[in-house]
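# Secondary and tertiary structure notes
Each chain, letter by letter, is given below.
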2 protein chains.
Amino acid sequence: MSKLPKTIQDLIDEFAKLPGIGPKSAARLVFYLLAKPNRTTEELSQTVSDLKKNLKTCKVCFNYSESDPCDICSDERRRRDKICVVEEPLDVIALEKAGFDGLYHVIGGIISPINGIGPEHLRIGQLIDRIKEADSAQIEIILAMNPSIEGEATAAYICQRLENCDVKITQLARGLPVGGDLEYADEITLSKSLEGRKGF
Amino acid sequence: MSKLPKTIQDLIDEFAKLPGIGPKSAARLVFYLLAKPNRTTEELSQTVSDLKKNLKTCKVCFNYSESDPCDICSDERRRRDKICVVEEPLDVIALEKAGFDGLYHVIGGIISPINGIGPEHLRIGQLIDRIKEADSAQIEIILAMNPSIEGEATAAYICQRLENCDVKITQLARGLPVGGDLEYADEITLSKSLEGRKGF
């Protein structure tokens, strides 16, 4: 089998490192770029290279931002008595789309002994400091970890650490996804949706 | 909804332009890169920018190459009496993996009136010139267009154009994909596989 030109193979290898992109999709992306004018690759290269320029981490919520504190933390119209605790910045995008109007706290991961991530790697101390410094009478902490075993364990751990803080702790509801099919729902989701049933 | 930092949104937009990557996967890729050390983005940017450096188009087969003629065309061990005609360079990779040992001719697309691509946009004239200049006694032209309606039409057109050339024209077999399931095969594939049945 003949070898591909080095620059093509190199970019296939780079793309294939990205999550969700296998060698075949990577090759498809590279040949797509090859068929485009030079400007396309130049723009992509420049945009990748600019990604982290002027990018800060907000010292309040630890989300990526161009300013510190970030646009969300400094927005006076947002409710300051609700802090949604999420694993990572991507989760903030999802919750923003869902219309959440409070503040966020990105803890930066999830407790995962297999991957060597303990509670000390997460920004839980900073969350406690933030709660102590807040001037709201009653703060609601919404735990929005992923509905996985590790997510639940992390939520339980945070809940325990917040024991001495005067906050209301809630968690995102578990239940049937909208548009889903009851018949295809897994048994744990279905049992959670039974447990959490509401008056009609 | 709060806006994402510009550099993040820009790269999401760039990634989302690539084939098979929607806005959600694009965001996932960008946040993956954000969580990686600066070196990762620098390398990716550099590799994208280098993609077309030193890259030529082989003037014999029109595949991408670092040399002209390309490694395949200049490889004396390859059979020179079989030329496989493909739509695009990606198809060459697939056929190389399948162990094809002849030469290629990349016609550069497919006849598609909807997309404004006529036969004059394809490298069919160059194929005819190549056949005329070849010193092999009998050349086999293997038409390896995609098994689509447009692919079949393009193959039929090329076949007609080669009428006056003294070549043997063949086409890749249509039939059941290996590892596939008879029960799930579509009716056209199944009828083609019946038509093309072989002695056992």
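Our structure's up above, just so we're on the same page.
Criteria and cut-off values
- Residues numbered from 1 in each chain as written.
- Chains lettered and ligands numbered in written order.
- Predicted model: local features only at pLDDT ≥ 70, side-chain atom pairs only at ≥ 80, totals over all residues.
- Heavy atoms only, no water.
- Pairing = 2+ DSSP bridges.
- Helix = DSSP H or I, 4+ residues; strand = E, 2+ residues; numbered from the N terminus.
- Axes fitted to C-alpha atoms, helices over the stretch in contact; angles between N-to-C directions.
- Contact = heavy atoms within 4.5 Å.
- Expected span 1.5 Å × (residues − 1).
- Buried < 20%, exposed > 50% of the residue type's maximum accessible area, 1.4 Å probe, protein only.
- Arc of directions from axis to C-beta.
- Parallel < 35°, antiparallel > 145°, perpendicular 65-115°, else oblique.
- Left-handed = near helix turned anticlockwise from the far one by under 90°.

### Focus: the sheet that holds strand E5 (residues 139-143) of chain A
Residues and elements named next belong to chain A. One open sheet holds the four strands; their spatial order is E4-E3-E5-E6, and the pairing between them is parallel. Each edge of the sheet is formed by a strand with only one pairing partner; in this case those strands are strand E4 (103-106) and strand E6 (167-171). The mean inter-strand angle of the sheet, taken between neighbouring strand axes irrespective of direction, is 25°. Relative to E4, strand E3 (residues 82-86) is paired through four bridges, and the arrangement is parallel. Its bridge partner being in E4, Val86 is matched across the sheet by Val106. Here helix H5 (residues 124-133) sits on the sheet in contact with E3, E4, E5 and E6, set at roughly 150° to E4.

### Regarding helix H1 (residues 6-17) of chain B
Relative to the 16 Å expected for twelve residues at 1.5 Å per residue, H1(B) spans 17 Å between its end C-alpha atoms, a close match to the ideal helical length. Looking only at H1(B), the buried set comprises Thr7(B), Ile8(B), Leu11(B), Ile12(B), Glu14(B) and Phe15(B). On an axial view of H1(B), the arc spanned by its buried residues comes to 165°, and they lie on one face. Each element contacted by the buried residues of H1(B) is listed here: helix H3 (38-50) and strand E2 (64-65) of chain A together with helix H2 (23-35) and helix H3 (38-50) of chain B.

### Comments concerning the packing of H1(B) against H2(B)
Residue and element names in this part refer to chain B. Contact pair H1 / H2: the axes reach a minimum separation of 8 Å and the direction vectors enclose 130°. Considering their axes alone, H1 and H2 lie oblique with respect to each other. The crossing of H1 and H2 is right-handed. Listed contacts from H2 to Ile8, Leu11, Ile12, Phe15 and Ala16 of H1 are Pro23, Ala26, Ala27, Leu29, Val30, Phe31, Leu33 and Leu34.

These results come straight from atomic positions and should not be treated as a statement about function.
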